[in-house]
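Analysis of the macromolecular model
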Amino acid sequence: MVAADGSGDYKTIQGAINSLSDSSATARTIFIKKGTYREKIFIEKHNIIFEGEDKEKTTIIDLLQEMNGDVIIPTTGVWLL
């Protein structure tokens, strides 16, 4: 579980991704508690499901785009990659 406030297993989504093995025959779910996550995320692994706790209150902001004034905030509940 990822929680920006530190109450989960990871404070960052990237930290949770990095903890996974490089590949898996079955899907792995990363549960993301509501909060704002300001990070650049690199996904080089397969079979990962990202599940947000709250569609309205779970936001991911790309730091590089935020610095350029272009903030992207995807808030959909589940992403399958």
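Residues numbered from 1 in each chain as written. Predicted model: local features only at pLDDT ≥ 70, side-chain atom pairs only at ≥ 80, totals over all residues. Heavy atoms only, no water.

1. Some words on the pairing of strand E1 (residues 28–32)
Side chains of E1 alternate between two faces, with Arg 28, Ile 30 and Ile 32 buried and Thr 29 and Phe 31 left unburied. The pairing of E1 with strand E3 (residues 48–52) spans five bridges and is parallel. Note on E3: the bridge partner recorded for Phe 31 is Glu 51. (Buried < 20%, exposed > 50% of the residue type's maximum accessible area, 1.4 Å probe, protein only. Helix = DSSP H or I, 4+ residues; strand = E, 2+ residues; numbered from the N terminus. Pairing = 2+ DSSP bridges.)

2. Regarding the side chain of Glu 39
For Glu 39, the location among the structural elements is in the loop between strand E2 (35–38) and E3. Despite its burial, Glu 39 remains without a salt bridge, the nearest opposite charge being carried by Arg 38 at 10 Å. Of the polar contacts made by the side chain of Glu 39, one reaches the backbone nitrogen of Ile 13; its length is 3.0 Å. (Lys, Arg positive; Asp, Glu negative; His and termini not counted. Salt bridge = Lys/Arg side-chain N within 4 Å of Asp/Glu carboxyl O. Polar contact = N/O pair within 3.5 Å; in protein donor to acceptor, adjacent residues only side chain to side chain.)

3. Regarding the environment of Glu 56
Note on placement: Glu 56 falls in the loop between E3 and strand E4 (58–61). In this structure Glu 56 comes out as exposed when scored by relative accessible area, which is 63%. When the C-alpha atoms of Glu 56 and Gly 35 are compared, they prove to be 9.6 Å apart, with 21 residues separating the residues in sequence.

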